[in-house]
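# Structural characterization, general
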Amino acid sequence: MTAVSGAGAPGGTTLFRHGEDVTARRMATPMWLRAARYWGYQYKRTWRSSVVTSFLIPVLYLAAMGVALGSLIDKHSHGVDGVTYVAYLAPGLLAGTCMQIGTNDATYPVMGAIKWMRTYLAQLAAPLGVYDVLLGHLAWIAARLAIVVSIYLAVMAAFGIVYSPWALVALPAGVLTGVAFAAPVAAFAATQDKDSAFSTLYRFAIIPMFLFSGTFFPVSQLPEWLQVVAYATPLYHGVTLCRDLTLGQVGWADVGHAAYLCALVAVGYAAARRTFARRLVV
Amino acid sequence: MVEAHGLVKRFGDFVAVDGVDFSIARGESFGFLGPNGAGKTSTMRMISCISPLSGGTLRVLGMDPLKDGARIRARMGLVPQEDSLDLELTVLDNLMIYGRYFDMPKKVIRERAEQLLDFAQLTERANDRVDPLSGGMKRRLTIARALISDPDLLILDEPTTGLDPQARHLLWDRLYRLKQDGVTLVITTHYMDEAEQLCDRLVVMDKGRFAAEGTPRQLIEAYATKEVVELRFAPGEHEDVAPSLVALAERQEVLPDRILLYTDDGDAALAEVARMGHVARSTLVRRSTLEDVFLRLTGRTLVD
């Protein structure tokens, strides 16, 4: 209290220097990065539980389905598309995990930052603008994806199922897959008032995609009409891209897969700019 | 610090702020008073560059809110109507995070946070989570947070709404200190006592316009008399008494439960009432307050 009770004391107080020191270094860090920094700060507190959901679960899948079930598949049909099942499955799970993280992080956290915790509003009361808030959040999601994908690729290497240096490119590819979901989902989340639509999104889009977009088995196993649907899903492109990279079977088609995902990021981001502005700037 | 001409805010067809002019000088403590829905918060949100204006001109700290929003807000502290604290983080972390939005070095934030926690009387709670804190503590933390960047202008939207009297008085004391320290304050409130305590100058808003403006003293002089006599009679009795009292006061107001006589000499009026033979159940002579001004200007009917 003494700091301020110097009210009227000569020379003022230490608390209110009206702008010298404190402001000296302002404006150096880009605004969006300041928003991203907040989410990183948050993550420090919750990373343990998020490691379980976003990393341990796919690794358990890999052990159970890739190794245990995979040995059965390999024995009976000599692997899938010429590789062992675990080598086939791992990149699929990687892309699927990226999809789930991207979607998860862009649903409840976005709604919470608007309605519950009002994090965005706090950021907007500081010098950040609405696009900084959006870009910062997406940048953080990308950073978190990069962490998860790196660990995942390391585990794959330990399993001995990384076949090519191209696998390093699977890191940005996985991040791209996740953000391709995060951006449009964030755009959608910013229009919602209740979280009930999120479980619908999961039930009818995310989980079916996870199961049928070439994650666990080649899309060619599906009836023909379903194949068309599967090829159109963003996850199919993410899965195929990651798989080609870790198996070292890279071709021009992969440029197409990446372009598809990039386009989705761009469209999602443009939509999110609109929905965020409409929701937060009134 | 703030200069507005013909400021308008529209939401679709609804006109929330209907062409107001004002200017706020450095070191001044300026209040927006008004009932709910009068347009106070909309005005504040335009000043704080959160809400784009629909018409008129506005300069804040010499800059244009539409173009220089970030630069203006970098020099401004904002206390929104609803707290936006991070409930799961600690008190200190909330200050740290907020300081980082202003890109202040961590060391500087930590130093200031210590002083501000002292100022907000939250030092003992520095490492506690925010969630279980009382409403008053959260409010003080929000104010401390808004001060982290040493702002030139502090904007407070209903700083004490919903707090108990002790918490309000503590908060007023803190805000009064800021005022003494030369921080420019812009406050909205619907509490008259708050406005009287804190505002050098204020405007009364009603339906998006300014119904009056001036210092608290000026407003009382212009819109109320020096004193007010409150008379309570038995139920049903005062409708009969009221007409005979009209001549005793500059203005008379008949409420369901009492009669108010606005006069410069309350005791004389009261003596006159007694001389006329009316026996009131209770009487009170008091000085006029801003509340009298406020109710006269914005009416007694409930707005919402």
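This one's a predicted model, so the numbers in the text were calculated from it and none came from an experiment.

Another aspect to go through is the overall build of chain B. Within chain B, the secondary structure is distributed over eleven helices and 13 strands. Projected onto its principal axes, the C-alpha positions of chain B cover 75 × 45 × 35 Å. Of all intrachain contacts in chain B linking residues separated by at least 6 positions in sequence, the fraction that spans at least 24 positions is 69%. With the model as given, the accessible surface of chain B reaches about 12,700 Å², and the carbon-plus-sulfur share is 49%. In chain B, 39 side chains carry a positive charge and 48 a negative one; their mean positions are 5 Å apart.

All right, on to a nonpolar patch on the surface then. Residues and elements named next belong to chain A. A cluster of nonpolar residues, Trp166, Leu168, Val169 and Val250, forms a patch on the protein surface that exposes about 380 Å² of accessible area. Within the secondary structure, Val250 is located in the loop between helix 9 (234–247) and helix 10 (252–280). A residue is classified by how much of its surface remains accessible, and Val250, at 32% relative accessible area, is partly exposed.

Residue and element names in this part refer to chain B. On the surface, a cluster of negative charge is made up of Glu250, Asp264, Asp265 and Asp267. Tracing the backbone shows Asp267 in helix 10 (residues 266–275). Given a relative accessible area of 52%, Asp267 falls into the exposed group.

A positive phi is found at Cys49 of chain B, a non-glycine position, where the angle reads about 60°. Mapped onto the elements of the fold, Cys49 of chain B is located in the loop between helix 1 (40–47) and strand 4 (55–60).

On to the side chain of Thr225 of chain B, then. Residue and element names in this part refer to chain B. Summarising the element assignment, Thr225 is placed in the loop between helix 8 (216–223) and strand 10 (227–232). Judged by relative accessible area, which is 6%, Thr225 ranks as buried. Only 2.9 Å separates the side chain of Thr225 from the backbone oxygen of Glu227, close enough to count as a polar contact. Of the polar contacts made by the side chain of Thr225, one reaches the backbone nitrogen of Thr263; its length is 2.9 Å. Among all residues touching Thr225, those that are not within four sequence positions of it are Ile220, Glu250, Tyr262, Thr263, Asp264 and Ser288.

Bringing the pattern of salt bridges into the picture now. Evaluation of the coordinates by the stated rule reveals 30 salt bridges over all chains. Asp103 of chain B serves as the salt-bridge partner of Arg37 of chain A, at 3.3 Å between the closest nitrogen and oxygen. In this pair, Arg37 of chain A sits in helix 2 (residues 31–77) while Asp103 of chain B sits in the loop between helix 3 (91–101) and helix 4 (106–119), so the two residues belong to two different chains. Residue classification places Arg37 of chain A among the partly exposed residues on the basis of a relative accessible area of 25%. Of the residues examined, Asp103 of chain B reaches a relative accessible area of 5% and is grouped as buried. Measuring nitrogen to oxygen at the nearest pair gives 2.6 Å for the salt bridge that ties Glu272 of chain B to Arg275 of chain B. Of this pair, Glu272 of chain B and Arg275 of chain B both sit in helix 10, separated by three residues, roughly a single helical turn. Classification of Glu272 of chain B by relative accessible area gives partly exposed; the value is 27%. Salt bridges sharing partners connect three or more residues here, namely Glu230, Arg232, Asp257, Arg258, Arg286 and Asp292 of chain B.

Another point: the packing of aromatic side chains. One pass over the structure, following the stated rule, counts 19 aromatic pairs over all chains. Here the aromatic rings of Tyr61 of chain A and Phe216 of chain A are separated by 6.3 Å at their centres, their planes lie at 45°, and the arrangement is tilted. Taken as a pair, Tyr61 of chain A in helix 2 and Phe216 of chain A in the loop between helix 7 (196–212) and helix 8 (224–232) lie far apart in primary sequence, 155 residues in all. Overall, the relative accessible area of 33% leaves Tyr61 of chain A in the partly exposed class. Judged by its relative accessible area of 10%, Phe216 of chain A falls in the buried class. Ring centres of Phe22 of chain B and Phe32 of chain B lie 5.2 Å apart, and the angle between their planes is 85°; on these two criteria the pair is classed as edge-to-face. In this pair, Phe22 of chain B is assigned in strand 2 (residues 14–24) and Phe32 of chain B in strand 3 (residues 29–33), connecting sequence segments ten residues apart. There is no split in this pair, since Phe22 of chain B and Phe32 of chain B are both buried. The rings of Tyr38 and Trp39 of chain A together with Tyr98, Tyr101 and Phe102 of chain B are connected pair by pair, giving a single aromatic cluster.

Bringing the confidence of the model for chain A into the picture now. Residue and element names in this part refer to chain A. In this model, chain A carries a mean pLDDT of 88, and residues with pLDDT of at least 70 account for 90%. Per-element confidence in chain A is highest for helix 6 (residues 170–189), whose mean pLDDT is 98, and lowest for helix 1 (residues 2–5), whose mean pLDDT is 39. For residues 1–13, every residue scores under 50 in pLDDT, and the model assigns this stretch 22 contacts once sequence neighbours within four places are set aside.

This paragraph deals with the side chain of Ser42 of chain B. Among the secondary structure elements, Ser42 of chain B is positioned in helix 1. Setting aside its immediate chain neighbours within four residues, Ser42 of chain B contacts Lys9, Phe11, Ala16 and Val17 of chain B.

Once that is clear, we can look at the sheet that holds strand 6 (residues 153–157) of chain B. All names here are of chain B. The six strands lie next to each other as 5-6-7-3-8-9, forming an open sheet whose pairing is mixed. Looking at which strands have only one partner, the edges of the open sheet turn out to be strand 5 (76–79) and strand 9 (209–214). Pairwise comparison of adjacent strand axes, ignoring direction, gives a mean angle of 15° for this sheet. Pairing of strand 5 with strand 6, which is carried by four bridges, proceeds in the parallel orientation. Looking across to strand 6, one finds that Leu78 is bridged to Ile155. Of the strands in this sheet, strand 5 and strand 6 are in contact with helix 5 (residues 135–146), which crosses strand 5 at around 165°. Those strands touched by helix 11 (residues 290–298) are strand 3, strand 8 (201–206) and strand 9, and its axis lies near 30° from that of strand 8.

Okay, the state of the cysteines next. Two cysteines form a disulfide when their sulfur atoms are joined by a covalent bond. In total, this model carries zero disulfides over all chains according to the counting rule given. Cys242 of chain A supplies the cysteine sulfur nearest to Cys262 of chain A, a cysteine that is in no disulfide, at a spacing of 13 Å.

Right, let's talk about the sheet that holds strand 2 of chain B for a bit. Residue and element names in this part refer to chain B. Across the sheet, three strands lie side by side as 2-1-4; this open sheet has antiparallel pairing. Each edge of the sheet is formed by a strand with only one pairing partner; in this case those strands are strand 2 and strand 4. On average, each strand axis in the sheet is inclined to that of its neighbour by 25°, with strand direction left out of account. Running at roughly 120° to strand 1 (residues 2–11), helix 1 makes contact with strand 1, strand 2 and strand 4 of the sheet.

All names here are of chain A. Running from amino to carboxyl end, helix 3 (residues 85–116) crosses helix 5 (residues 130–158) at an angle of 155°, the nearest separation of the two axes being 10 Å. By the angle between their axes, helix 3 is roughly antiparallel relative to helix 5. Remark: the crossing between helix 3 and helix 5 carries right-handed chirality. Here Ala90, Pro91, Leu93, Leu94, Thr97, Cys98, Ile101, Gly102, Asp105, Ala106, Pro109 and Val110 of helix 3 lie close against helix 5, whose contacting residues are His137, Ile141, Arg144, Leu145, Val148, Val149, Tyr152, Leu153 and Met156. Looking at the contact of helix 3 with helix 5, its residues break down into 16 nonpolar, three polar and two charged.

Scoring rules and cut-offs
- Residues numbered from 1 in each chain as written.
- Chains lettered and ligands numbered in written order.
- Predicted model: local features only at pLDDT ≥ 70, side-chain atom pairs only at ≥ 80, totals over all residues.
- Heavy atoms only, no water.
- Helix = DSSP H or I, 4+ residues; strand = E, 2+ residues; numbered from the N terminus.
- Contact = heavy atoms within 4.5 Å.
- Areas by Shrake-Rupley, 256 points an atom, 1.4 Å probe, with all protein chains shown as cover.
- Lys, Arg positive; Asp, Glu negative; His and termini not counted.
- Charge placed at Lys NZ, Arg CZ, Asp CG, Glu CD.
- Patch = residues over 30% accessible without salt bridge, like charges linked within 9 Å, V, L, I, M, F, W, Y side chains within 5 Å.
- Salt bridge = Lys/Arg side-chain N within 4 Å of Asp/Glu carboxyl O.
- Buried < 20%, exposed > 50% of the residue type's maximum accessible area, 1.4 Å probe, protein only.
- Polar contact = N/O pair within 3.5 Å; in protein donor to acceptor, adjacent residues only side chain to side chain.
- Phe/Tyr/Trp six-rings, centres within 6.5 Å; stacked < 30°, edge-to-face > 60°.
- pLDDT = per-residue confidence, 0-100.
- Pairing = 2+ DSSP bridges.
- Axes fitted to C-alpha atoms, helices over the stretch in contact; angles between N-to-C directions.
- Disulfide = S-S within 2.5 Å.
- Parallel < 35°, antiparallel > 145°, perpendicular 65-115°, else oblique.
- Left-handed = near helix turned anticlockwise from the far one by under 90°.
- Nonpolar A, V, L, I, M, F, W, Y, C, P; charged D, E, K, R; others polar.

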